[in-house]
Amino acid sequence: FQGFSARRIITNKTLLTGIVCGLLLIGCGRAAPLRKFSESRAMFGSFVRLDVCYAPGQERALEETVAGIWTRFEDIHGRLSVYDPASDLNRVNHSFPDAVMVGADTWTLISDAVYYNRLSGGEFDITIYPLLRLWKESEKIGALPTSDQIRAVQQLMGPDKFELLENNRVRVLNPGVQLTIDSIADGYAGDEAARILRARGFANFLVDTTGELYAGGHSCEGRPWQVGVKDPRDPFGGRVVDVLILRDMAVTTSGNYEHFYTIGEKKYSHVISPKTGFPREDIISATVIAPNTEISDFLSTALCLLDPRKGAALVDALGEGYASIVLIDTGDGRVTSKESRRYRRYLRRQP
């Protein structure tokens, strides 16, 4: 494994290899000699899909490459899932007071998450797992978490509650501190698939790791990939609010319409603020375009919690290759949006 630094990616604005819910692939025209391979598998708690364009004579290489990607996905899931007793994350979460050695990529992802925490002003926090467990228990009993319960779990949260040590070791500093990197693990898996495909000579592909999409090169018809952003008011009806034109870019949508907690017949977004202990109720969805899926995954989560103006400003500050749109419920039956400065560059032009 060759690790990478999220900080280096963001500050240098480099387009590195690396596009959930809320996104639809739109077909393209124009015939081309490239053939299309597609395969889906249940993984990461949902479904993962690979679409790869290949030329005649590449069948054997394609077969080996796809097999390697599925193996890599199994490895990532097995070490990053909080539900696998043998995973890196589970061993960290049950290791107090000892330090635990983890995989190099696990250590790098945790390090990236610390940076993301600072970048988001604390709204992205991988120590949020105790708070998520509280919400799951609250859903079971049908009652919202109390203020006292939220304050109690917040004492276990924050990047100061664990240490990153040399030799890929991690140590939690208090009993009960638990980490989860589910919010960027799927995106990281997409980046790994893109890296493997390019290393084997496949430049044109679409990787969908449970909705985090990376569009490599062009479609098998020779055009840029077209990805539709689902209308969150009609998530299962196929209606889209925008169509994005992407090449060597990632896009991720997070929102409150497909994954949520139901308490007292009311739905609450699964994206919970570590600061308030509750989700924002006004933000319906956040879609982010970025150079790779790990970063788009992080940003779409953060933008579901940040003030929409601050979220757009954050994306704008990251520079070229970053764009976003946040859909907002005004509370009177209307939906408005807040776009980053570069968002419209990626929209398909209407005839």
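Think of each chain on its own: its residues are numbered from 1, step by step along the sequence as written. In keeping with the model being predicted, local features are shown solely for residues with a pLDDT of at least 70 and side-chain atom pairs are shown and tallied solely at 80 or more, while totals for entire chains, interfaces and linings include all residues. Excluded from the side-chain calculations are hydrogens and water; all other atoms, namely the structure's heavy atoms, are used.

Undergrad: Mind showing me how you'd approach the confidence of the model for the chain here?
TA: It should be kept in mind that the predicted coordinates are not to be read in detail where pLDDT is low. Taken over all residues, the pLDDT of the chain has a mean of 88, while the share at 70 or more is 89%. In this model, residues 1–21 is a region of pLDDT below 50 whose contacts with residues beyond four sequence positions or in other chains number 83 contacts. The pLDDT score gives, residue by residue, the confidence of the prediction method on a 0 to 100 scale. Throughout, a contact is declared for two residues whenever any of their heavy atoms are within 4.5 Å. Taken as a whole, residues 27–32 scores under 50 in pLDDT and shows 15 contacts with residues more than four places along the chain or in a different chain.

Undergrad: Help me out: how do you make sense of the state of the cysteines in this one?
TA: By definition, a disulfide links the sulfur atoms of two cysteine residues through a covalent bond. Whenever a pair of cysteine sulfur atoms sits within 2.5 Å, that pair is classed as a disulfide. Going through the model one piece at a time under the given rule, you end up with one disulfide. Across the disulfide, Cys53 is cross-linked to Cys220 (sulfur-sulfur distance 2.0 Å). Torsion about the S-S bond of the Cys53 and Cys220 cystine: about -90°, corresponding to left-handed handedness. Of this pair, Cys53 sits in strand β3 (residues 46–54) while Cys220 sits in the loop between β8 (212–216) and β9 (225–230), and the two are 167 residues apart along the sequence. Numbered from the N terminus, helices here are DSSP runs of H or I no shorter than four residues, and strands are runs of E no shorter than two.

Undergrad: How should I be thinking about the sheet that holds β8 in this particular structure?
TA: Strand pairs in the sheet, formed through backbone hydrogen bonds, run parallel or antiparallel to each other. Two strands are counted as paired when DSSP detects at least two bridges linking them. With respect to topology, eight strands assemble into an open sheet ordered β2-β3-β7-β8-β11-β14-β15-β16, the strand pairing being antiparallel. Looking at which strands have only one partner, the edges of the open sheet turn out to be β2 (35–43) and β16 (335–339). With direction set aside, neighbouring strand axes in the sheet form an average angle of 10°. One ladder, built from five bridges, connects strand β15 (residues 323–329) with β16; its direction is antiparallel. Paired with Ile325 across the strands is Glu339, a residue of β16. Every axis corresponds to a line fitted to the C-alpha atoms, with the helix fit spanning only the stretch in contact, and the corresponding angles, defined between N-to-C directions, vary from 0 to 180 degrees. The strands that helix α2 (residues 59–80) touches are β2, β3 and β7 (205–209); relative to β2, the one it contacts most, it runs at about 20°. Packing of helix α7 (residues 182–199) onto the sheet brings it into contact with β3, β7 and β8, and relative to β7 it is tilted by some 155°.

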